[in-house]
Amino acid sequence: MTALGPRLMEGRGLTSAEATRRLERDGENVIPRAAPRSLIARVARQLADPMIVLLCAALVVVLVLGDRVDATIIGAVVVLNTVIGVVQEVRAEHAVAVLDELASPQARVRRDGRFVELPAAQLVVGDEVRLEAGDVVPADLSLGEAVALEVDEAAMTGESVPVRRGTGEEVLSGTVVTRGRAVAAVVRTGAQSGLGRIAVLIAATGLRPTPLQRRLSRLSRQLVWITAGLAAVVLLLAVLRGEPLADSLILAVSLAVAAIPESLPAVVSVALALGALRMARRSAIVRWLPAVETLGSVSVLASDKTGTLTEGRMTVRRTWTAEGACDVDGPAYGRDGAVRGASADGSAVERLLRDVVLCNDARLTPVGDGWSGIGDPLEVALLVAAARLDEGLLHAPREWRRVDETPFDSESRSMTTVHEDATGGRLVVVKGAPETVLDGLADRAVADRARAEAHAMARAGFRVLAVADGAPDRAPELVGLVGMIDPPRDDAAAVVSACRAAGIRPLLVTGDHAETALAVAREVGIARPDGEVVDGDVVARGEHVARVERIDVYARTHPEQKVDIIDAWQARGHVVAMTGDGVNDAPALRRADIGVAMGKHGTEVARQAADLVLADDDLRTVVTAVAEGRRIYANIRTFLRYGLSGGLAEVLVILVAPFVGIATPLLPGQILWINMLTHGIPGVAFGGEPLDPRLMQRPSPSPERSVLGEGLVRRIVVGGLLIAGVSIAAGLLATAHSWPTTTVVFLTLGLAQLALALALRAPRSTRGLGERALELSVAAAVGLQVLAATWTPLQELLGTRSVGPAAWATVLALAVLPGAVVKVSAGRRPAAQPASSPGSGARPSWK
Ligand code: ATP
């Protein structure tokens, strides 16, 4: 225990006006960031992409060969892609900046004499800040008053054993308060602070690619090589057929250009970043962009109880003392209500409620006909109960001044305070989990009776606290038990069943008693009839590993045991999301694939360690975020299917057509035009497609699969074959009827790709124009494609000719075929993206 430090800081902090002046002078308390990239640097980055390098090489080839038309089109493709790339990069960075802002740390600072919660960026030198366990130190501070303050300085020193810091000492920004509380003065902010000095050394260099982006860029490099190989084959065949070398070279280069989905990087970055922004609008703040990808694959959701599955509004409903039990009634924070029962007038219940007021850090203020509480909801509930017996009890701390304390922590599961009255008499009060408090009692018989009573209360769903007091030099004496209820949230059961429907296994991991935990788990549907409930001790002994899939509820767990639970699931190939809010939850939040922290009631440490912060503290938001993750992944795969089918079809047409009697199926400029039309506009629109609701009715996709896995390659090949098939068929019919063959092939190939885009779009829930980006872009592209064969300037540029009604009818009939086939066969499959499970389908069904 620590003696209370002298009250050094009785100041009123700064005035708002003075703080504003200092903020203007010194700047915001933020870690310096790398300057945003210049436009030239952004353009250079786009041009360095292997796909664009290939395009530029093609441009040089056609320029050397003097082919102005193709040079113009390739130039336009390069410009269009660079513009799209730069715009998307800026949009993505903007989205991430907004997210950063949303997830920025808060600080409790005294302004104009009152403590208020402000963004830590607003702190200035001289501000007075309050620190509590779970806070990340927001600036370099000099401690005024420190009570049992311990700080984890791992961020600064790498040493993760918390160190005690006392009055007069400094704590550095970025370190974590693990215990105790303090009031401190800001001495350095921003770049001058401890974290700032480190950050300057390792200034971030823009956005790092996510794992999916890295996998896709590997894929695009492979595609570049494959296409280059195919282009070489086309070149060779053309030369063997006796075509002029220059023309053959242009054809091969155009084909290589067309077969590559160069808008892929733009589609991915915008899908991820805008997806994260969409989540943020729905209260799910992603703190780390790659988490967006992982979210869709979550297959286990381990949730804590208080405030997550329950309302977090605790109410004392029962007391038990040696004199008997009492019921406490009245609304949660209402002033009506009373303590009722045969022993309600006795001294034992009064002593119990006085003790819970003394051993308490919360504060209660009357508001209207109720109370408003600040502090731990459990402690607020204790104050309300005491007020129901006698409001005078709230003044007990005046009579019994607190002189010493050991704050609550979830390791000891108890809190101890020492008090002194006017005569110098001392009183020690302990409150905490019955297991902890009752074990320390001198009288075994009393402890056993209380234990049986505590069990019965826990089984009835109460959260139980035991309270003992006594003189400092003797073992404490039991005063009684307090039973609290914290009803499950209205929507908790719905969240649990939505999880199960989506193939996500819900678990409850709590520090509470097994019986209390089970009562809540049953009510919300987490506990299955045959599911097991285990204590943290089982986890400590490693006995949970073999039967991890049978366990629904983990009770009396310490935060570090959460890490073991995550490990056991991950070892079975699962992707685990874990909620946490406490000081010691940070390791578990980091170890989980998706660490989830509560924005309102969680600690700053938990928020900073999490991948996802729920701004509304609502577990439903996790399900929303999972849905968003699945949507994004599905959209990227759909784009790949669309883009690669089209590229493949173009290659096949060029390769196969000469063998069936169509010597020149397409001109190089036409290939490039189709490419620009199909990839450019509708391509990017795929990133914004809505969620196919079927994606939330089956298990998550495996995180480790290839982005082209699970039949996507087969579907790309089928799509490519269908489009190539109808294009060649159109060419043959054109030859037979003496229609302009090249134009007919050009129209069919382009329109068939656009029809496929429509066939692959996700089902719409609304009819609003906002969701119609894909349809609108396809319509625009169709219009341009028709213009290409009808408007004279474009005809001259692309070498197309006008075609008659019969040819148009043939083109249209054939062009819709591949899309129709894809649509009909998708309608017969359960969903657009098949289910898969890690561990080759070994995952049991938990419905
Ligand atoms: P949950 O999953 O419900 O959020 P938790 O894991 O956060 O629970 P803790 O808050 O660590 O659980 O509480 C563990 C136990 O410690 C409780 O069951 C209770 O008996 C005791 N306890 C909780 N808060 C206090 C407090 N302020 N003072 C004393 N004891 C407490």
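Residues numbered from 1 in each chain as written. Predicted model: local features only at pLDDT ≥ 70, side-chain atom pairs only at ≥ 80, totals over all residues. Heavy atoms only, no water.

### With respect to the sheet that holds strand E26 (residues 612–614)
Read across the sheet, eight strands follow the order E9-E26-E25-E24-E10-E21-E23-E22 without closing on themselves; strand pairing throughout is mixed. Two strands in the sheet have a free side with no partner beyond their single neighbour: strand E9 (284–286) and strand E22 (532–535). Averaged over all neighbouring strand pairs, the angle between strand axes comes to 20°, with direction disregarded. Across the sheet, helix H17 (residues 514–524) is in contact with strand E21 (505–509), E22 and strand E23 (551–555); its angle to E23 comes to roughly 140°. Its contacts with the sheet place helix H19 (residues 559–571) against strand E10 (300–303), E21, E23 and strand E24 (576–580), and it is angled at close to 165° to E24. (Pairing = 2+ DSSP bridges. Helix = DSSP H or I, 4+ residues; strand = E, 2+ residues; numbered from the N terminus. Axes fitted to C-alpha atoms, helices over the stretch in contact; angles between N-to-C directions. Contact = heavy atoms within 4.5 Å.)

### Notes on the site of the ligand
Near the ligand, the surroundings consist of 20 residues, among which Lys-305, Thr-306, Thr-510, Gly-511 and Arg-556 are the closest. At 3.1 Å, a side-chain N or O of Lys-431 approaches a nitrogen atom of the ligand. At a separation of 2.6 Å, an oxygen atom of the ligand approaches a polar backbone atom of Gly-511. Taken by itself the ligand offers 630 Å² of open surface, and the protein chains cover 90% of this. Elements with a contribution of two residues or more to the shell around the ligand: helix H12 (377–389), strand E18 (426–432) and strand E19 (463–470). It is E19 that contributes the most residues to the shell around the ligand, three residues altogether. Classifying every residue of the shell around the ligand by side-chain character gives six nonpolar, five polar and nine charged. (Near = heavy atom within 4 Å. Polar contact = N/O pair within 3.5 Å; in protein donor to acceptor, adjacent residues only side chain to side chain. Areas by Shrake-Rupley, 256 points an atom, 1.4 Å probe, with all protein chains shown as cover. Nonpolar A, V, L, I, M, F, W, Y, C, P; charged D, E, K, R; others polar.)

### Remarks on the side chain of Asp-585
Its location among the elements puts Asp-585 in the loop between E24 and helix H20 (586–591). Setting aside residues no more than four positions away along its own chain, Asp-585 makes contact with Pro-559, Lys-562 and Gly-580.

### Overview of H17
For the α-helix, the turn length of 3.6 residues means that residues three or four positions removed from each other point alike. Restricting attention to buried positions, one finds in H17 the residues Thr-516, Ala-517, Leu-518, Val-520, Ala-521 and Val-524. Against helix H15 (444–459), E19, helix H16 (492–501), E21, E22 and E23 lie the buried residues of H17. Of the residues trailing H17, Gly-525 is marked for its positive phi of about 95°. (Buried < 20%, exposed > 50% of the residue type's maximum accessible area, 1.4 Å probe, protein only.)

### A closer look at the pairing of E23
With five of its five residues buried, E23 lies for the most part within the structure. Pairing of E21 with E23, which is carried by two bridges, proceeds in the parallel orientation. Residue pairing across strands places Val-509 opposite Tyr-554, the latter belonging to E23. By the bridge criterion, four bridges tie E22 to E23 in an arrangement that is parallel. The residue bridging Glu-532 from the neighbouring strand is Ile-551, located in E23.

### Section: the packing of aromatic side chains
Within the structure shown, the criterion is met by one aromatic pair. Between Tyr-642 and Phe-686 the ring centres are 5.2 Å apart and the planes differ by 45°, which places this aromatic pair in the tilted class. With Tyr-642 in helix H22 (residues 620–656) and Phe-686 in helix H23 (residues 668–686), the pair connects residues that are 44 residues apart, well separated along the chain. (Phe/Tyr/Trp six-rings, centres within 6.5 Å; stacked < 30°, edge-to-face > 60°.)

### Quick notes on the packing of H23 against helix H25 (residues 741–759)
Where H23 meets H25, the closest approach of the two axes is 10 Å, and the angle between their N-to-C directions is 10°. The pairing of H23 with H25 is recorded here as roughly parallel in orientation. Counted together, Gln-670, Trp-673, Ile-674, Thr-678, Pro-682 and Phe-686 of H23 and Thr-742, Phe-746, Leu-749, Gly-750, Gln-753, Leu-754 and Ala-757 of H25 form the full contact between these two elements. (Parallel < 35°, antiparallel > 145°, perpendicular 65-115°, else oblique.)

### Re the side chain of Asp-512
Relative to the helices and strands, Asp-512 resides in the loop between E21 and H17. When its relative accessible area of 2% is taken as the criterion, Asp-512 is described as buried. A polar side-chain atom of Asp-512 sits 2.7 Å from a polar atom in the side chain of Arg-463. Apart from residues lying up to four places away in sequence, Asp-512 is in contact with Lys-305, Arg-463, Ala-555 and Arg-556.

### Here's the deal with the nonpolar core
By size, the foremost hydrophobic cluster in this structure holds 129 residues, and its most contacted members are Leu-216, Leu-612 and Leu-640. A total of 17 residues in this core trace back to one element, the largest contributor, which is H22. In terms of domain composition, this core takes at least three residues from each of domain 2 (39–96 + 208–281 + 625–840) and domain 3 (284–310 + 488–617). Listed in part, the 38 residues of the second largest apolar core include Cys-326, Val-349, Val-384 and Ala-386. (Core = buried A, V, L, I, M, F, W, Y, C linked by side-chain atoms within 4.5 Å. Domains from an automatic or database assignment.)

### Considerations on unusual backbone geometry
Of note in the backbone geometry, Asp-112 takes a positive phi value of approximately 50° without being a glycine. Mapped onto the secondary structure, Asp-112 falls in the loop between strand E2 (106–111) and strand E3 (114–119). With a relative accessible area of 42%, Asp-112 lands in the partly exposed category. At Arg-413, a residue that is not glycine, the phi angle is positive and equals roughly 55°. Relative to the elements of secondary structure, Arg-413 occurs in the loop between strand E16 (401–409) and strand E17 (414–420).

### Considerations on the pattern of salt bridges
Pairing is possible between side chains of opposite charge, provided their charged atoms come close. Scanning all chains against the criterion turns up 48 salt bridges. Across the pair Arg-631 and Glu-628 runs a salt bridge, and its minimum N-O distance is 2.7 Å. Taken together, the residues Arg-631 and Glu-628, both in helix H22 and three residues apart, mark about one turn of the helix. Per residue, the accessibility class of Arg-631 equals that of Glu-628, and both read buried. Residues participating in the shared-partner salt-bridge network are Lys-305, Glu-435, Arg-463, Asp-512 and Arg-556. (Salt bridge = Lys/Arg side-chain N within 4 Å of Asp/Glu carboxyl O.)

### Describing the confidence of the model for the protein chain
Per-residue confidence for the protein chain gives a mean pLDDT of 83; residues scoring 70 or more make up 89%. Confidence scores differ between elements of the protein chain, with strand E1 (residues 2–3) showing the lowest mean pLDDT of 40 and E23 the highest of 96. Note that residues 200–207 has pLDDT below 50 and, in this model, six contacts with residues that lie over four places away or in other chains. (pLDDT = per-residue confidence, 0-100.)

### A short note on the environment of Leu-508
On the secondary structure map, Leu-508 appears in strand E21. Relative accessible area serves as the criterion here: at 0%, Leu-508 is assigned to the buried category. For the pair Leu-508 and Thr-579, spaced 71 residues apart in sequence, the C-alpha to C-alpha distance is 9.8 Å. If we skip the residues at most four places from it in the chain, Leu-508 touches Ser-303, Asp-304, Lys-305, Leu-309, Ala-517, Ala-521, Ile-526, Asp-552, Val-553 and Tyr-554.

### Digging into the pairing of E2
Burial of E2 is extensive: five of the six residues sit out of reach of the surface. Where E2 lies against E3, six bridges are found, and the strand directions are antiparallel. What sits directly across from Arg-110, in E3, is Phe-115. Counted along the chain from E2 to the antiparallel partner E3, the turn is two residues long, and its residue Asp-112 has a positive phi close to 50°. Here three bridges tie E2 to strand E4 (residues 128–132), and the two strands are oriented antiparallel to one another.

### Notes on the environment of Met-415
Along the chain, Met-415 falls in strand E17. With relative accessibility at 3%, the residue Met-415 sits in the buried group. Setting aside chain neighbours within four positions, we find Met-415 in contact with Cys-359, Asn-360, Asp-361, Glu-379, Arg-402, Thr-406, Pro-407, Phe-408, Val-429, Val-430 and Lys-431.

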